[in-house]
Amino acid sequence: MINGLSTDDYPLTVTSLVERAERFHPHRPVVSRRPDASIHRTTLGECSRRARQLASALRSLGIGDGDRVATLLWNQSEHLELYFAVPPMGAVIHTLNPRLHAEELGFIVADADDRVIVVDESLLEVFSTFRDAHAFEHVIVVTHDRSAPEGMLAYENLVAGAQPMTWPVLDERRAAAMCYTSGTTGRPKGVVYSHRAVVLHSLVIALPDTLAVSARDVLLPVVPLFHANAWGLPYAAALAGAGLVLPGPRLDAVSVLDLLADERVTVTAGVPTVWMAMLNALDAEPHRWDLSALRGLAVGGAAVPRSMLEGYDRHGLTVLQMWGMTELAPLGTACRLPQALEHSTADEQYDFRSRQGVAVPLMEIRARNDDGALIPWDDTALGELEVRGPWVAAGYHRGRGADNFTSDGWFRTGDIVRIDERGCIRICDRAKDLVKSGGEWISSVDLENHLMAHPSVAQAAVIAVSDERWGERPLAVVALRDGATAEPQDLRRHLERDFARWQVPDRFEFVPAIPCTATGKFKKTQLRETFGDAGR
Ligand code: ADP
């Protein structure tokens, strides 16, 4: 022990991950596919070095400790450079989802009080829809050359003109990154990740029974870098020395399969919608792509249908289901087949693999029923899943959503589960009133409130119905006011003013009145029976 500091106090910081990539794995590839489909090749070493320059440039623009740096970027090497530059300099990287509605994005950047924003040139139009909502001090734009539209700074110019920063020593509990999550009602809530959380999460992602990431791997995150740290893949790659393939905005099946084959990707991760489309493409042309390097397909964000597990098995590819949440940085559970089931029947194995999995190391789980009692792990009792662990958020930015946290330090997930004696969870229902379409949330309550603001609508209730392509889609059940008329296209147009087009229901069902419970809430169970999957 020197000066009272034991080695136990050595801080766990993102800086150590980035320095490791730079020092020990400089030649590992970072391949990006640009929006115009051209391929850009660089390395972990080059990205880490440029990150030091980028950090100096940001510092000279006035970005200081704890300041938020927003990104409006695809999966591309510049985004990785920001992942590598912003936390080590002591600032906070705040990733924005370009698919959100302009109004929502405007709220988010103001709520986070982002000081600068880095935008890909292909997203300038999206940026223009919300830029007036907040006074950014600087707008940095990633372009092919060193030019930038008037009033904006060119990313390449900034990097090229800056000296590399010597990383400061940081406290591990300092904020490193930030991401907003949609709420059931009201506004999105900011989740902040500490350096310590990111490091421990990266270590656990890389473990053999999670994604097993090593210096021999090449990872392709289909999951966006703007969503919950891309499930931790970029930092796990830095930690382990894995190569990265960043697919840009084009996530159609053929484009992703081409990259997986051409770049000899070993591990990839994304939501079921993408893998469903890919499976169809593989079924149609089983010999078109050489996927012999691919050993891990991590799927999460929504339930993985058994047919998907079976479908990929037919192509010799193993799907690993994971469950997570933005509030968990995001990994919570993973569903690796245990050794005890290796010789079981195919049916038993698929039953297990269709579950969401077992808590990863350092993550604790429990579930409580409506009376607040802990449920037994008997795979029968139902309860709301609660979690705690070193990368579970302790609260939201500006103290919002306190209801989601228990007084004894657990986070309430809103997922209703059964837990078996092995500790393996199965999500059976959702307590939160949300629809998850293509891996992105749509708030039923927000849609209902907006529908009920239409002059012809007396009541509106929105439910999720399953959809082969998107997982779920919203369906609106509407009761019109006496004597009023409205067609689905009128209601759709009305909603499109406040919602992104993909959030607007495809189906509207008109009823004389919506059934209500004794306390006046819409009886969604009954609506699901009549119009949803339960009624089919
Ligand atoms: P992400 O999409 O990264 O998982 P979100 O915070 O947007 O993070 O969504 C988390 C929610 O998504 C969970 O609470 C759960 O309802 C749902 N979810 C995530 N993974 C799965 C899964 N494997 N199966 C079923 N639902 C899932």
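The following refers to the structure shown.

Calculation notes
Residues numbered from 1 in each chain as written. Predicted model: local features only at pLDDT ≥ 70, side-chain atom pairs only at ≥ 80, totals over all residues. Heavy atoms only, no water. Near = heavy atom within 4 Å. Polar contact = N/O pair within 3.5 Å; in protein donor to acceptor, adjacent residues only side chain to side chain. Helix = DSSP H or I, 4+ residues; strand = E, 2+ residues; numbered from the N terminus. Nonpolar A, V, L, I, M, F, W, Y, C, P; charged D, E, K, R; others polar. Axes fitted to C-alpha atoms, helices over the stretch in contact; angles between N-to-C directions. Parallel < 35°, antiparallel > 145°, perpendicular 65-115°, else oblique. Left-handed = near helix turned anticlockwise from the far one by under 90°. Contact = heavy atoms within 4.5 Å. Pairing = 2+ DSSP bridges. Phe/Tyr/Trp six-rings, centres within 6.5 Å; stacked < 30°, edge-to-face > 60°. Buried < 20%, exposed > 50% of the residue type's maximum accessible area, 1.4 Å probe, protein only. Lys NZ or Arg CZ within 6 Å of the ring centre and 35° of its normal.

**Considering the site of the ligand**
Right, on to step 1. Residues in close proximity to the ligand total 18 residues, the closest being His227, Met322, Asp415, Lys432 and Lys436.
Right, on to step 2. At 3.0 Å from an oxygen atom of the ligand is found a main-chain nitrogen or oxygen belonging to Gly324.
Right, on to step 3. Between the ligand and Lys436, the relevant distance is 2.7 Å, taken from an oxygen atom to a side-chain nitrogen or oxygen of the residue.
Right, on to step 4. Among the elements of the structure, strand 14 (319-324) and strand 20 (424-430) are those that each provide at least two residues to the shell around the ligand.
Right, on to step 5. Per-element tally for the shell around the ligand: the top contributor is strand 14, with 4 residues.
Right, on to step 6. Taken together, the residues of the shell around the ligand sort by class into 8 nonpolar, 6 polar and 4 charged.

**Quick look at the packing of helix 11 (residues 306-314) against helix 12 (residues 346-353)**
Right, on to step 1. Direction vectors running N to C along helix 11 and helix 12 enclose 120°, while the axes themselves pass 9 Å from each other. When the axis of helix 11 is compared with that of helix 12, the two are oblique. Judged by the twist between their axes, the crossing of helix 11 over helix 12 is right-handed. Contact residues: helix 11 offers Arg306, Leu309, Glu310 and Asp313, while helix 12 offers Asp347, Tyr350, Asp351 and Arg353.
Right, on to step 2. The class makeup of the residues in the contact of helix 11 with helix 12 is 2 nonpolar, no polar and 6 charged.

**A look at the sheet that holds strand 8 (residues 175-181)**
Right, on to step 1. Read across the sheet, 7 strands follow the order 7-6-5-3-4-8-9 without closing on themselves; strand pairing throughout is mixed. One side of each edge strand has no neighbouring strand; the edge strands of this open sheet are strand 7 (153-154) and strand 9 (189-194).
Right, on to step 2. Across 2 bridges, strand 4 (residues 92-95) lies against strand 8 in parallel orientation. Residue pairing across strands places His94 opposite Met178, the latter belonging to strand 8.
Right, on to step 3. Across the sheet, helix 3 (residues 77-89) touches strand 3 (68-72), strand 4, strand 5 (116-120), strand 6 (138-142) and strand 8, and the angle it forms with strand 4 is around 145°.
Right, on to step 4. Contacts between helix 4 (residues 102-112) and the sheet are confined to strand 3, strand 4 and strand 8, with strand 8 contributing the most and set at about 150° to the helix.

**Quick word on the packing of aromatic side chains**
Right, on to step 1. One pass over the full model with this rule turns up 5 aromatic pairs.
Right, on to step 2. Judged by centre distance (5.2 Å) and plane angle (40°), the ring pair of Tyr83 and Tyr235 falls under tilted. Of the two residues, Tyr83 sits in helix 3 while Tyr235 sits in helix 8 (residues 233-240), which places them 152 residues apart along the sequence. Residues Tyr83 and Tyr235 agree in their burial class; the two are buried.
Right, on to step 3. Seen in terms of ring centroids, Tyr396 and Phe405 are 5.4 Å apart; in terms of plane orientation they differ by 65°. Their pairing is edge-to-face. Across this residue pair, the class does not change: Tyr396 and Phe405 are buried.
Right, on to step 4. One cation-aromatic arrangement involves Arg23 over Phe24; the distance from NZ or CZ to the ring centre is 5.8 Å.
Right, on to step 5. When the ring centre of Tyr396 is taken as reference, the NZ or CZ atom of Lys189 above it lies at 5.1 Å.

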